[in-house]
Amino acid sequence: QISECALGWGVQDNGCFLAVMGGCAVCAMLALKPASLYLGERRLLGGAYLTLAGCLLLFCDWTPPLPLWQWVVGGTLLSVSFPVTQAMIYVIISKEVPRRRQGLLMGYITSGGSLARMMGP
């Protein structure tokens, strides 16, 4: 509904936007292995967190109605940085945590993410 009010987008426009953002997320996941080999997992995770923070600033509530460029840049940053952040957290946990606790901690992280998506945007 926000994009409908701010940009006048209908269902098809929103669907196209989400499809493009999903394509960006898939491309980010495909580039994850070469990027982690080049940068390292921790540096890649830090960059993805900073990108997520920048994306949240683009979508802040105290700004006037968002222009199209802000939707596109924010959506692209979000769709790229979120899967990278999530994948890097799992990689680091699987390497650093003892085997007996991995399943439990990964379950907590997955449950926390699901709870966050249920509670709000």
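Just above, that's the structure.
What this report covers is the structure whose coordinates are included nearby. (Residues numbered from 1 in each chain as written. Predicted model: local features only at pLDDT ≥ 70, side-chain atom pairs only at ≥ 80, totals over all residues. Heavy atoms only, no water.)

1. Quick look at the overall build of the protein chain
Here comes step 1: A tally of helices and strands in the protein chain yields six helices and zero strands.
Here comes step 2: Ordered by position from N to C terminus, the α and β elements of the protein chain give α-α-α-α-α-α.
Here comes step 3: Taking all 121 residues of the protein chain together, 26% fall into the buried category.
Here comes step 4: Taking the contacts inside the protein chain whose residues are at least 6 apart along the sequence as the reference set, 64% of them involve residues at least 24 apart. (Helix = DSSP H or I, 4+ residues; strand = E, 2+ residues; numbered from the N terminus. Buried < 20%, exposed > 50% of the residue type's maximum accessible area, 1.4 Å probe, protein only. Contact = heavy atoms within 4.5 Å.)

2. Here we look at the nonpolar core
Here comes step 1: Counting residues in hydrophobic clusters, the biggest one holds nine residues: Ala28, Leu32, Leu44, Leu45, Ala48, Val84, Ala87, Met88 and Ile92.
Here comes step 2: At the level of secondary structure, the elements contributing two or more residues to this core comprise helix H4 (41-58) and helix H5 (68-96).
Here comes step 3: A per-element tally of this core places H5 first, with four residues.
Here comes step 4: Look past the residues within four positions of Met88 in its chain and what remains in contact with it is Leu32, Ser36, Glu41, Leu44 and Leu45. (Core = buried A, V, L, I, M, F, W, Y, C linked by side-chain atoms within 4.5 Å.)

3. Quick notes on the environment of Arg42
Here comes step 1: Relative to the elements of secondary structure, Arg42 occurs in helix H4.
Here comes step 2: Looking at Arg42, the relative accessible area reads 56%, which means it is exposed.
Here comes step 3: In sequence terms Arg42 and Val91 are 49 residues apart; their C-alpha atoms lie 9.7 Å from each other.
Here comes step 4: When near neighbours in sequence (up to four residues on either side) are disregarded, Arg42 contacts Ile92 and Glu96.

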